[in-house]
Amino acid sequence: MSERTFVMVKPDGVQRGLIGEIISRFETRGLKLAGAKFMQIDEDLAHEHYGEHEDKPFFDDLVEFITAGPVMAMVWEGQDATRQVRRMMGETDPADSAPGTIRGDFGLDLGRNVIHGSDHEDEGANEREIALFFDEDELVDYDRIDAEWLYE
Ligand code: IDP
Ligand code: MG
């Protein structure tokens, strides 16, 4: 089933020049870009976005990191998009992520793992995160010309 998911190149990925490479992977996989926003996350948004981790020992460092520089926030759309993006990202810790995944190819350290994607095991997380970062009128509805060759 076609769905939307929230994806973000984190400040380390932006600083390391990985925006284009990461977008390219999702594009060539066949996912459709529905929205994009190059922005800096403020403290309030960081707390809301990572609210589930509020009580974790790494929370303050996580907020400091995610607000430290610009991020590339995006919405990608396609069949099973949330889970497929997570598979392409690899594990939370780049050290455990297989080569070929984004974190496995571009990261070494748990606290600098390059990319965020909505959790497919957390029902509705994708739409909640999209709504946190985008107004509905900032998302574009269109067809990709290759769709009929991508899906049976
Ligand atoms: P995810 O990004 O793979 O969904 P989560 O468990 O939701 O992983 O954690 C959110 C983010 O918090 C991670 O991407 C990582 O940046 C950071 N993080 C998670 N666990 C740790 C930790 O043990 N130490 C430092 N940072 C962590
Ligand atoms: Mg998560």
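Look a little higher up for the structure.
Presented here is a report on the structure given in the accompanying data block.

Criteria and thresholds
Along each chain, residues carry numbers from 1 onward, in the same order as the chain's sequence is written. Chain A is the first chain written and ligand 1 is the first ligand written, with later ones labelled in order. Residue-level local features of this predicted model are given only where pLDDT is at least 70; pairs of side-chain atoms are given and counted only at 80 or more, and the full residue set underlies all totals for whole chains, interfaces and linings. In computing side-chain values, all of the structure's heavy atoms are included and hydrogens and water are not. Planes of paired rings set the category: under 30 degrees apart is stacked, over 60 is edge-to-face and the rest tilted, where pairs are Phe, Tyr or Trp rings (Trp by its six-membered ring) whose centres lie within 6.5 Å. Secondary structure elements are taken from DSSP: a helix is a run of H or I of four residues or more, a strand is a run of E of two residues or more, and numbering for both begins at the N terminus. Ring-over charges, as used throughout, are those where CZ of Arg or NZ of Lys falls within 6 Å of the ring centre and within 35 degrees of the ring normal. The salt bridge definition used is simple: a Lys or Arg side-chain nitrogen within 4 Å of an Asp or Glu carboxyl oxygen. Partly exposed describes any residue whose relative accessible area lies between the buried limit of under 20% and the exposed limit of over 50%, with all areas from a 1.4 Å probe on protein chains only and scaled to the type maximum. Pairs of strands are assigned from DSSP output, requiring at least two bridges between the strands. Residues are classed as near a molecule or strand on a simple rule: at least one heavy atom within 4 Å of it. A 3.5 Å cut-off defines polar contacts: any pair of N or O atoms within that distance qualifies, except that in protein one atom must be a possible hydrogen donor and the other a possible acceptor, and neighbouring residues in sequence count only when both atoms are side-chain atoms. With residues, only the protein chains shown are counted as cover, and all accessible areas are computed by Shrake-Rupley using a 1.4 Å probe. Only protein atoms enter the 1 Å grid used here, on which a cavity is any set of points holding a 1.4 Å probe that cannot leave and a pocket is any open set flanked by protein within 12 Å on both sides along at least five of seven lines; residues with an atom within 4 Å of a point are listed as lining. Molecule-in-pocket calls rest on the fraction of atoms, with more than half required to lie within 2 Å of the cavity or pocket grid points. Each residue gets one label: Ala, Val, Leu, Ile, Met, Phe, Trp, Tyr, Cys and Pro are nonpolar, Asp, Glu, Lys and Arg are charged, and the others, such as Gly, are polar. Contact criterion: two residues are considered in contact whenever any of their non-hydrogen atoms come within 4.5 Å of each other. Grid points are joined across faces, edges and corners, and a volume is the space filled by probe spheres set on the points.

1. Quick word on the packing of aromatic side chains
So, step 1. Applying the stated criterion across every chain, the model contains two aromatic pairs.
So, step 2. Look at Phe-6 and Phe-133: their rings are 4.4 Å apart centre to centre, the planes differ by 25 degrees, and that puts the pair in the stacked class. Taken as a pair, Phe-6 in strand S1 (residues 2–9) and Phe-133 in helix H7 (residues 125–133) lie far apart in primary sequence, 127 residues in all.
So, step 3. Between Phe-26 and Trp-76, the aromatic rings sit 5.5 Å apart at their centres with planes inclined by 50 degrees, giving tilted as the arrangement. Of this pair, Phe-26 sits in helix H2 (residues 19–29) while Trp-76 is found in strand S3 (residues 71–79), placing the two residues 50 residues apart along the sequence.
So, step 4. One Lys or Arg, Lys-37, reaches over the ring of Phe-134 and ends 5.0 Å from the middle of that ring.

2. Remarks on the pattern of salt bridges
So, step 1. All chains considered together, the criterion is met by nine salt bridges.
So, step 2. Here Arg-25 and Glu-21 are joined by a salt bridge, their closest N and O atoms 3.0 Å apart. Linking Arg-25 with Glu-21, this pair stays in helix H2, spanning four residues, or about one helical turn.
So, step 3. On the accessibility criterion, Glu-21 (35% relative accessible area) is partly exposed.

3. Things to note about the pairing of S3
So, step 1. Burial within S3 is extensive, with eight of its nine residues counted as buried.
So, step 2. Summarising the sheet, S1 and S3 pair through eight bridges and their orientation is antiparallel. When the sheet's bridge partners are listed, Arg-4 is paired in S3 with Glu-77.
So, step 3. Inspection of the sheet shows strand S2 (residues 32–39) paired to S3 by seven bridges, in the antiparallel sense. Note on S3: the bridge partner recorded for Leu-33 is Trp-76.

4. Focus: the site of ligand 1
So, step 1. Lining the immediate environment of ligand 1, one finds Lys-10, Tyr-50, His-53, Phe-58, Leu-62, Arg-86, Thr-92, Arg-103, Leu-110 and Asn-113.
So, step 2. Separating an oxygen atom of ligand 1 from a side-chain N or O atom of Lys-10 is a distance of 2.9 Å.
So, step 3. Residue Arg-103 places a side-chain N or O atom 3.0 Å away from an oxygen atom belonging to ligand 1.
So, step 4. Look at ligand 1: alone it shows 520 Å² of surface, and the protein chains cover 75% of it.
So, step 5. Judged by the proximity of its atoms to the pocket grid, ligand 1 belongs to the largest pocket.
So, step 6. Its residues assigned to classes, the shell around ligand 1 comprises four nonpolar, three polar and three charged.

5. Section: the environment of Ala-125
So, step 1. Here Ala-125 lies in helix H7.
So, step 2. Given a relative accessible area of 3%, Ala-125 falls into the buried group.
So, step 3. When neighbours within four sequence positions are excluded, Ala-125 is seen to be in contact with Ser-118 and Asp-119.

6. Thoughts on the layout of surface pockets
So, step 1. Roughly 750 Å³ of volume is contained in the largest pocket.
So, step 2. Around the largest pocket, the lining comprises 27 residues; the ones closest to its centre are Lys-10, Tyr-50, His-53, Phe-58 and Leu-62.
So, step 3. Broken down by secondary-structure element, the contributors of at least two residues to the lining of the largest pocket are helix H3 (43–49), helix H4 (59–66), strand S4 (115–117) and H7.
So, step 4. Of all the elements, H7 adds the most residues to the lining of the largest pocket, at four residues.

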